[in-house]
Amino acid sequence: MATDLTAPRTAARPDVAAIQRRTLRLLFTTQIIGGIGVTIGIAVGALLAARIAGTAVAGVAQSAGVVGAALLAVPVTRIMARHGRRPGLVLAYAIGAVGGLLVVLAAATRWVPLLFLGMLLFGGGTAANLQARYTAVDLAEPARRGRQLSLIVWATTIGAVAAPNFAALADRVTTGWGLPPLAGPFAFSAVAFVLAAVVLLGLLRPDPLLTARRLAAADAPAAGPPLAADAPATAVAAQTPAAAPVKVRAPRAAGMRTAWSVVRGRPAARLGIAAVAVGHLVMVAVMAMTPVRLGESHADADVLRLVGIVLSLHIAGMYAFSPVVGWLTDRLGRRAVILGGVGLLLAACAVAGTAGHHTPRLSVGLVLLGLGWSGTMVAGSTLLSESVPAGVRPSVQGFSDLIMGLAGAAAAVVSGFVMQLAGYPVLTLLAAVAAVPLVALALRPVPTGAPDEEG
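What counts and how
Residues numbered from 1 in each chain as written. Predicted model: local features only at pLDDT ≥ 70, side-chain atom pairs only at ≥ 80, totals over all residues. Heavy atoms only, no water. Helix = DSSP H or I, 4+ residues; strand = E, 2+ residues; numbered from the N terminus. Buried < 20%, exposed > 50% of the residue type's maximum accessible area, 1.4 Å probe, protein only. Contact = heavy atoms within 4.5 Å. Areas by Shrake-Rupley, 256 points an atom, 1.4 Å probe, with all protein chains shown as cover. Core = buried A, V, L, I, M, F, W, Y, C linked by side-chain atoms within 4.5 Å. 1 Å grid on protein atoms, 1.4 Å probe; cavity = no way out; pocket = protein on both sides within 12 Å on 5 of 7 lines; lining within 4 Å. Points joined across faces, edges and corners; volume = space filled by probe spheres on them. Nonpolar A, V, L, I, M, F, W, Y, C, P; charged D, E, K, R; others polar. Patch = residues over 30% accessible without salt bridge, like charges linked within 9 Å, V, L, I, M, F, W, Y side chains within 5 Å. Salt bridge = Lys/Arg side-chain N within 4 Å of Asp/Glu carboxyl O. Phe/Tyr/Trp six-rings, centres within 6.5 Å; stacked < 30°, edge-to-face > 60°. pLDDT = per-residue confidence, 0-100.

Novice: Describe the overall build of the protein, naming the residues involved and giving the relevant values.
Specialist: Of the regular secondary structure elements, the protein holds 16 helices and zero strands. Burial statistics for the protein: of 455 residues in total, 56% are counted as buried. For the protein, restricting intrachain contacts to residue pairs at least 6 apart in sequence, the fraction spanning at least 24 positions comes to 83%. Carbon and sulfur atoms make up 70% of the accessible area of the protein, which amounts to about 18,000 Å² in all.

Written out as structure tokens, the structure reads:
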């Protein structure tokens with residue numbers, strides 16, 4: 001199993017617990033800053049795209065940001081695999097800042113191709129925010145991985161709540177500077193991304209991933225009595241050490257092909273990736289069409305207000321309870337929380353799909369949807385991180401984010417067609433059906449073994 005990096009073995013061993021506390025504080029801060037930058041852009045992106053390119057392609061422009069985050073995960077994690085977390089996170093935020101500036105330029109010139117390019121690169125901010133959750137567990141104790149990962153996920157809540165107010169302020173301020181309406185928030189996003197990158201560049205030292213590799217290479221990880229790869233972390237932490245040394249090294253070319261080779265032979269890793277991707281697919285499919293559903297039964301004057309309330313409740317379900325989800329992940333085990341998350345997703349589809357035009361019931365469905373997403377995201381990400389060798393962990397995590405992003409983008413596109421042809425209840429039914437195979441995968445016995453052992 002993974003080496004317990006908190007038990008010092010030599011006098012020269014660094015204070016891993018202190019490094020981890022410092023890393024978590026730093027990530028928590030930059031996650032708030034980066035979350036504000038991402039959400040400011042999301043808040044006005046569709047409106048700006050509609051003004052520049054027309055309503056018909058506004059959704060496609062928004063999807064470009066999602067696809068960009070998924071695709072950028074590949075080079076970013078490749079850099080992390082070779083050089084550590086710090087340069088990868090800094091690069092992702094820097095790309096996001098460039099994207100924000102290109103969107104501002106597109107708004108000024110009304111050049112549609114530049115808008116799409118800018119939105120694609122703007123996804124770098126999202127890619128950095130997603131990779132931060134994995135950075136939080138590089139040096140985490142086995143018994144606290146779920147909680148510490150969920151803490152970084154929870155930090156996004158603060159940025160998501162604060163960002164809409166910043167968007168309005170940014171638009172007012174930059175309009176006075178001569179920027180076109182709705183372009184200012186993207187300029188502020190670029191500033192936020194640059195600030196997060198500078199803070200990480202200067203303060204994320206020592207690099208947690210490189211530190212974990214050095215410690216793993218110096219130690220003799222345990223190979224004691226076999227445990228399930230997704231067993232509760234209390235059982236993992238209590239396993240008796242053995243004397244089977246393991247070399248942990250970064251492959252020379254740890255790309256997506258290497259990641260797939262590793263995942264293919266590890267059922268626990270496949271379950272982790274499937275949980276993250278399926279949970280995200282179901283969430284995006286239902287959430288994306290909820291504003292349209294509200295528009296079918298309310299006047300235009302009320303729709304924006306109701307959409308804001310319902311989606312705020314949904315976001316609270318996604319992020320606000322993630323520390324509780326992380327605690328349950330450590331306490332009950334990864335697979336148990338994944339199954340609980342799937343159950344919540346199915347309940348959400350049932351409640352939202354049968355709500356009709358009853359807005360309070362629809363709101364309850366969206367809260368359940370957010371909670372289900374949180375369960376699959378936190379438990380799936382934790383299981384994935386501890387189920388693969390340290391040397392290829394960043395590449396596998398990037399592969400997971402790529403699959404998740406593409407699943408979400410596909411769900412956003414397909415949900416519109418389903419909504420138009422068959423309606424919201426059928427959409428929620430199909431989303432529920434998509435989640436069912438994850439139950440079968442989570443219930444399959446996972447072979448025992450040491451997840452950090454090189455194959």
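Novice: I'd like a description of the nonpolar core, backed by residues and values.
Specialist: The nonpolar side chains of a soluble globular protein tend to be buried with one another. Membership of the largest hydrophobic core comes to 52 residues, with the highest contact counts inside it found for Val282, Ile338, Leu362, Leu369, Tyr424 and Leu438. Counting only elements with at least two residues in this core, the list comes to helix H5 (145–176), helix H10 (267–295), helix H11 (300–320), helix H13 (334–353), helix H14 (359–386), helix H15 (393–421) and helix H16 (424–443). When residues in this core are grouped by element, the largest group, 13 residues, is from H10. Core analysis: the next-biggest nonpolar cluster, separate from the first, contains 49 residues, Phe28, Ile52, Phe122 and Ala132 among them.

Novice: Report on empty space enclosed by the protein, specifying residues and quantitative values.
Specialist: Using the criterion set out here, one finds three cavities of 30 Å³ or more in the structure. Of the pockets and cavities examined, the second largest cavity occupies roughly 40 Å³. Surrounding the second largest cavity, Ile19, Arg22, Thr23, Leu26, Leu203, Leu204, Arg205 and Pro206 form its lining. Residue contributions to the lining of the second largest cavity peak at four residues, all from helix H1 (residues 16–53). Taken together, the residues of the lining of the second largest cavity sort by class into five nonpolar, one polar and two charged.

Novice: Now, about a nonpolar patch on the surface: what can you tell me, with residues and values included?
Specialist: Together, Leu71, Leu117, Leu120 and Leu406 give the surface a local cluster of nonpolar side chains, amounting to about 310 Å² of exposed area. Its place among the elements puts Leu71 in helix H2 (residues 58–83). The exposure class of Leu71 is partly exposed, given its relative accessible area of 45%.

Novice: Please provide a residue-by-residue account of the packing of aromatic side chains, values included.
Specialist: Within this structure, the stated rule accounts for six aromatic pairs. Seen in terms of ring centroids, Phe28 and Trp154 are 5.8 Å apart; in terms of plane orientation they differ by 35 degrees. Their pairing is tilted. In this pair, Phe28 is assigned in helix H1 and Trp154 in helix H5, connecting sequence segments 126 residues apart. A residue is classified by how much of its surface remains accessible, and Trp154, at 29% relative accessible area, is partly exposed.

Novice: Explain the confidence of the model for the protein to me, and be specific about the residues and the numbers.
Specialist: Across the protein, pLDDT averages 83, with 82% of residues at or above 70. Averaged pLDDT values over the elements of the protein bottom out at 45 in helix H8 (residues 233–237) and peak at 96 in H13. Confidence drops under a pLDDT of 50 for residues 233–251, and excluding neighbours within four residues, the segment shows 51 contacts in the predicted structure.

Novice: So what's going on with the side chain of Gln397? Residues and values would help.
Specialist: Within the secondary structure layout, Gln397 lies in helix H15. What makes Gln397 buried here is its relative accessible area of 0%. Once residues lying within four places of it in the same chain are set aside, the contact partners of Gln397 are Arg85, Gln131, Tyr134, Leu384 and Ser385.

Novice: Quick one: what's the story with unusual backbone geometry, residue by residue and with numbers?
Specialist: The step from Arg205 to Pro206 runs through a cis peptide bond, and the omega angle for that step is -5 degrees. Residue Arg110 is not a glycine yet carries a positive backbone phi of 60 degrees. Mapped onto the elements of the fold, Arg110 is located in the loop between helix H3 (85–109) and helix H4 (112–135). For Leu182, which is not a glycine, the phi torsion comes out positive at approximately 75 degrees. For Leu182, the location among the structural elements is in the loop between H5 and helix H6 (184–203).

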